[in-house]
Amino acid sequence: MDLAAKVAAAMWAEDTASAGLGMRLVAVGEGTARLEMTVRDDMVNGHGIAHGGFVFCLADSAFAFACNSRNQVTVAQACDVVFVAPARTGDLLVAEASERTTFGRNAIYDVTVTRGDEVIAEFRGRSRQLSGTIVEEQS
């Protein structure tokens, strides 16, 4: 198992928030991650569409797995989202995160949330590395 997969497995084991929302970790690599989530009835707002907070949570979780993939404890320092199209109950949303650039202990990641070929949201996250690792590396 590669390092990114080991880190993801360790993080997923403790991530009750993402699991509780029904997210599934589909893939992870160095600086990348893909998660998916099906919009449930309890995720829909008064307009009959997915509450933006749930779409944001999916993107944020993909961001977290991507920016921690090198086994350095990393947190969000800022992020924003643009909602492009509504999602509805039963829609399978996929969040694809990728690293854009790193500088010092900082990095920028983009996450695209899609339903099939349609973009639902675009998320940009800025991360900051802290001290410590997620898993103990074998030498």
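Residues numbered from 1 in each chain as written. Predicted model: local features only at pLDDT ≥ 70, side-chain atom pairs only at ≥ 80, totals over all residues. Heavy atoms only, no water.

Visitor: Which parts of the structure should I look at to understand the overall build of the chain?
Guide: Helix and strand counts for the chain stand at 3 helices and 6 strands. Going from the N terminus to the C terminus, the chain shows its helices and strands as α-α-β-β-α-β-β-β-β. Taken against the 2.2 N^0.38 rule, which gives 14 Å for 139 residues, the C-alpha radius of gyration of the chain at 15 Å falls within 12% of a compact globule. Each of the three principal axes of the chain carries a C-alpha extent, and together these read 50 × 30 × 25 Å. Buried residues in the chain amount to 37% of all 139 residues. A separation threshold of at least 6 residues defines the contact pool for the chain, and within that pool the share at least 24 residues apart is 64%. Accessible surface, the chain: about 7,200 Å² in total, of which carbon and sulfur atoms supply 51%. Between the centroid of the 12 positive side chains of the chain and the centroid of its 18 negative side chains there is a distance of 4 Å. (Helix = DSSP H or I, 4+ residues; strand = E, 2+ residues; numbered from the N terminus. Rg over C-alpha atoms; globule rule 2.2 N^0.38 Å. Buried < 20%, exposed > 50% of the residue type's maximum accessible area, 1.4 Å probe, protein only. Contact = heavy atoms within 4.5 Å. Areas by Shrake-Rupley, 256 points an atom, 1.4 Å probe, with all protein chains shown as cover. Lys, Arg positive; Asp, Glu negative; His and termini not counted. Charge placed at Lys NZ, Arg CZ, Asp CG, Glu CD.)

Visitor: What is the right way to look at the sheet that holds strand 4 (residues 92–103) in this model?
Guide: Pairing between the strands of a sheet is mediated by backbone hydrogen bonds and can be parallel or antiparallel. Taken in spatial order, the 6 strands line up as 1-2-4-5-6-3 in an open sheet, and their pairing is antiparallel. The sheet is open, and its two edges are formed by strand 1 (24–29) and strand 3 (74–83), each paired on a single side. Across the sheet, the mean angle separating the axes of adjacent strands is 20 degrees when strand polarity is ignored. By the bridge criterion, 10 bridges tie strand 5 (residues 106–115) to strand 6 (residues 118–129) in an arrangement that is antiparallel. (Pairing = 2+ DSSP bridges. Axes fitted to C-alpha atoms, helices over the stretch in contact; angles between N-to-C directions.)

Visitor: Looking at this structure, how should I read the nonpolar core?
Guide: What tends to happen in soluble globular proteins is that the nonpolar side chains get buried as a cluster. Counting residues in hydrophobic clusters, the biggest one holds 32 residues, and the most contacted among them are L35, V55, L58, L93, V111, V113 and I120. Mapped onto this core, the elements with two or more residues apiece are helix 1 (3–14), strand 2 (32–38), helix 3 (52–67), strand 4, strand 5 and strand 6. Among residues more than four places away in sequence, those in contact with L35 are W12, M23, R24, L25, V26, L58, S61, A62, F65, L93, V94 and A95. (Core = buried A, V, L, I, M, F, W, Y, C linked by side-chain atoms within 4.5 Å.)

Visitor: Before we go on, may I ask you to explain the packing of aromatic side chains in this structure?
Guide: In this structure the tally under the stated criterion is 4 aromatic pairs. With a centroid separation of 5.9 Å and an interplanar angle of 45 degrees, the aromatic rings of W12 and F65 are classed as tilted. Taken as a pair, W12 in helix 1 and F65 in helix 3 lie far apart in primary sequence, 53 residues in all. Connected via pairs of aromatic rings, a cluster forms that spans F56, F63, Y109 and F123. (Phe/Tyr/Trp six-rings, centres within 6.5 Å; stacked < 30°, edge-to-face > 60°.)

Visitor: Help me out: how do you make sense of the pattern of salt bridges in this one?
Guide: A side chain with one charge can pair with a side chain of the opposite charge if their charged atoms come near. Scanning the model with the defined rule gives 10 salt bridges in all. The residue E36 makes a salt bridge to R24 at a minimum N-O spacing of 3.2 Å. Highlighted residues: E36 in strand 2 and R24 in strand 1, separated in sequence by 12 residues. Given the relative accessible area of 33%, R24 is considered partly exposed. Residue D80 pairs with R126 through a salt bridge whose shortest N-O separation is 3.4 Å. (Salt bridge = Lys/Arg side-chain N within 4 Å of Asp/Glu carboxyl O.)

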